[in-house]
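Structural overview for review
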Amino acid sequence: MGNTHSQSSLESCIQSLAGNRALSSFAAFPGSPTYKTDWARLYNLNFAVVPAAVARPETAEDVAGLVKCARENGVRVQAKSGGHSYGNYGLGGVDGVLSIDMVNFQHFSMDNDTGVVTVGAGMPINVLNQKLQNAGGRAIPHGIAPGIGIGGHAGIGGIGTMSRMWGTTLDHVIKMQVVTADGEIRTVNKSSEPDLFWALRGAAPSFGIITSLTLITHPAPSPIAQYETTLSFSPTTLSSAPLYSVWQQLISDPSLDPRFGSLFILTPMGSLITGTFYGSQSEFEDSGIPERFPDGMQPHVQMTDWLGAGAHLAGQMGKWMLSTQTGFFVKSLAFRRNELPSSLDVQEIFKWIDDQDKGTILWFCVFEAVGGKMNEVSVEDTAFVHRDKTVVWQVWAVVPSMEGNSVLVDKARKFVAGLKDQFMKYAKGVDGMYPGYVDPEMGEESGQRMYWGRNLERLEELKRVWDPEERFWNPQSVRPADKFSGKKRLGVS
Ligand SMILES: Cc1cc2nc3c(=O)[nH]c(=O)nc-3n(C[C@H](O)[C@H](O)[C@H](O)COP(=O)(O)OP(=O)(O)OC[C@H]3O[C@@H](n4cnc5c(N)ncnc54)[C@H](O)[C@@H]3O)c2cc1C
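- Per an unreviewed UniProt entry, the protein chain goes by FAD-binding PCMH-type domain-containing protein and derives from Chaetomium thermophilum.

What follows is the structure, encoded as structure tokens:
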């Protein structure tokens, strides 16, 4: 599959689906003038990929028809909702995949009695937030970047500063409409196809195309204390080590108030702490948290509301996680409390950072406090396995792969990989990665094990049932169980 299909047969199948609609707004194929700049626009320039076709369906029936076209022509399929995959997996992650762009799936409705909402899978989270606000001040947990699509977010995880208080985005999903590999449109929940519903909450890209999601919502808390410290302007990364260790001690306190969400950001210019306390300023102060911040890093508090807090954090993080099209390398790890590095280990790791030629000045680390409510959900309840983690860490190095840039690219790549190795050396036992932060450079099998941990075998069994031909595929998606028969799986004795 993938490259062996007949391109012309795929194109005519898609053309016939368009019917009397203009093909120019329904689908595009390689060679069309705006293919690379619009239809198949990369998020991360460092992982170039050219899909066999990109289609923009309008209905679930269109999606079903597209999946059937792909099946008839032996082509793999991936959905694209917000297009924020670090590895461009919404475009397939490799050449020759049919990318189904969910941009037209933007519907929103709310049951005013229950606060339950049904939304189209292509809706960006900032649009969803605004609609929830307009519909009586409701809210769900979500990540930071405004353009993330709810389909790709809720199908994989969805971690934000409110996740310690409410859990992940996918913990709020109670029903999904999905097109499966046989081209059927199904409505799944805990009583209708419960296994598929389980898999779609954590490993959706391997199991189908979600067309709509039904989620429970909360009243948006108000007021909200948004806080941040000033950048430490440390001369070396090593000088941020004691600051980080104090933050790590604070956020790994098992009795930490779940309303406290926090990020420690390490940059070439020093470090800062930012985040949100979902309560009033006096509640924040009474929690005793501000006085546990590192010396010299006192939080400046600004009172805001739900949308203001989201916009502030997006603006703050947007300075580091560029929203413009560029090339970058990312590595990440998810730590259990007992795996977090000691103060001495942090010093060693941060000193190692100082000693590296990184190939770019645009590098940063984000350490995010997780746990709380997220970890109250059983690991068996959804395919999302990270129910015992305290910190999710990422390192980014921004340097686009382009001609004449190979030396810098090589250095940046080595830097992020080396830093992950450093953490793995000191944080003994760490074996998890959040699947929302895909690392296309990691081997397929070790990636799957780190993304889904002990839920991987059940996912592989379900893949064999629901998608044995691997219609839904990206370089690190779940493979069907039989594929590994006779082979020793990583991490399985
Ligand atoms: C700048 C930036 C900041 C981020 N911040 C956070 C954060 O704070 N918290 C967090 O949890 N994550 C964060 N992420 C990661 C993000 O949540 C994931 O990458 C997520 O999968 C993106 O979803 P998408 O729809 O935007 O991406 P896409 O590239 O469209 O899709 C990503 C994957 O999901 C699949 N997919 C998309 N739509 C569907 C669908 N409808 N049905 C089935 N599969 C689908 C795709 O096939 C692909 O494999 C961030 C990413 C970026 C780039």
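**Section: the sheet that holds strand 16 (residues 328-336)**
- One open sheet accounts for seven strands, arranged 15-12-14-13-17-18-16; its pairing is antiparallel. The open sheet terminates on both sides in strands that have one partner only, identified here as strand 15 (300-304) and strand 16. Between one strand axis and the next, the sheet turns by 15° as a mean value, whatever way the strands run.
- Inspection of the sheet shows strand 12 (residues 224-228) paired to strand 14 (residues 270-277) by four bridges, in the antiparallel sense. Its bridge partner being in strand 14, Gln226 is matched across the sheet by Thr276.
- On the sheet, helix 11 (residues 306-318) packs against strand 12, strand 13 (260-267), strand 14, strand 15 and strand 17 (363-369) and is oriented at approximately 15° with respect to strand 12.

**Overview of the side chain of Thr382**
- As for its placement among the helices and strands, Thr382 is situated in the loop between strand 17 and strand 18 (389-398).
- A polar contact of 3.1 Å, which involves the side chain of Thr382, links it to the side chain of Arg387.
- Those residues in contact with Thr382 that lie beyond four places of it in its chain are Leu170, Asp171, Trp198, Arg201, Arg387 and Asn455.

**A few points about empty space enclosed by the protein**
- Applying the stated criterion to the full structure yields one cavity of 30 Å³ or more.
- Surrounding the largest cavity, Asn44, Phe47, Tyr86, Phe328, Phe329, Val330, Val438, Asp439, Pro440 and Glu441 form its lining.
- The residue makeup of the lining of the largest cavity, split by class, is seven nonpolar, one polar and two charged.
- Structurally, the lining of the largest cavity is a two-domain feature, drawing no fewer than three residues from each of domain 1 (7-101) and domain 3 (224-444).

**A few points about the nonpolar core**
- If you look at the biggest cluster of nonpolar residues, it comprises 110 residues, and the most contacted ones within it are Phe207, Leu213, Phe260, Phe367 and Leu419.
- Apart from the residues lying within four places of it in its own chain, the contact partners of Phe260 are Arg164, Tyr227, Leu250, Ile251, Thr276, Phe277, Phe284, Ile289 and Phe293.

**With respect to the packing of helix 8 (residues 194-203) against helix 15 (residues 456-466)**
- Remark: helix 8 packs on helix 15, axes separated minimally by 10 Å, with the N-to-C direction vectors making an angle of 115°. For the pair helix 8 and helix 15, the crossing hand works out as left-handed. Contacts from Asp195, Leu196, Trp198, Ala199 and Ala203 in helix 8 reach Arg458, Leu459, Leu462 and Trp466 in helix 15.
- Broken down by class, the residue content of the contact of helix 8 with helix 15 amounts to seven nonpolar, no polar and two charged.

**Here we look at the packing of aromatic side chains**
- Using the criterion set out here, one finds 29 aromatic pairs in the structure.
- Ring geometry for Tyr227 against Phe284: centres 5.6 Å apart, planes inclined by 25°, an arrangement best described as stacked. In this pair, Tyr227 is assigned in strand 12 and Phe284 in helix 10 (residues 281-286), connecting sequence segments 57 residues apart.
- Taking relative accessible area as the criterion, Tyr227 reaches 0% and is therefore assigned buried.
- Taking the centre distance of 6.1 Å and the plane angle of 10° together, the rings of Trp352 and Phe415 count as stacked. Placement of the pair is Trp352 in helix 12 (residues 343-355) and Phe415 in helix 13 (residues 406-426), with a sequence separation of 63 residues. The residues Trp352 and Phe415 share a single accessibility class, namely buried.
- Aromatic rings pair up to connect Tyr43, Tyr86, Phe328, Phe364, Phe384, Trp396, Tyr434 and Tyr437 into one cluster.
- Above the ring of Trp473, the side-chain terminus of Arg76 is found at 4.0 Å from the ring centroid.
- Sitting over the ring of Phe197, Arg201 keeps its end group 3.8 Å from the ring centre.

**Thoughts on the pairing of strand 10 (residues 209-215)**
- In terms of burial, strand 10 is largely enclosed, as seven of its seven residues are buried.
- Looking at chain direction, strand 8 (residues 173-179) and strand 10 are connected through six bridges and run antiparallel. Note that in strand 10 the partner of Met176 across the bridge is Leu213.

Reading the values: rules and limits
Residues numbered from 1 in each chain as written. Predicted model: local features only at pLDDT ≥ 70, side-chain atom pairs only at ≥ 80, totals over all residues. Heavy atoms only, no water. Pairing = 2+ DSSP bridges. Helix = DSSP H or I, 4+ residues; strand = E, 2+ residues; numbered from the N terminus. Axes fitted to C-alpha atoms, helices over the stretch in contact; angles between N-to-C directions. Contact = heavy atoms within 4.5 Å. Polar contact = N/O pair within 3.5 Å; in protein donor to acceptor, adjacent residues only side chain to side chain. 1 Å grid on protein atoms, 1.4 Å probe; cavity = no way out; pocket = protein on both sides within 12 Å on 5 of 7 lines; lining within 4 Å. Points joined across faces, edges and corners; volume = space filled by probe spheres on them. Nonpolar A, V, L, I, M, F, W, Y, C, P; charged D, E, K, R; others polar. Domains from an automatic or database assignment. Core = buried A, V, L, I, M, F, W, Y, C linked by side-chain atoms within 4.5 Å. Buried < 20%, exposed > 50% of the residue type's maximum accessible area, 1.4 Å probe, protein only. Left-handed = near helix turned anticlockwise from the far one by under 90°. Phe/Tyr/Trp six-rings, centres within 6.5 Å; stacked < 30°, edge-to-face > 60°. Lys NZ or Arg CZ within 6 Å of the ring centre and 35° of its normal.

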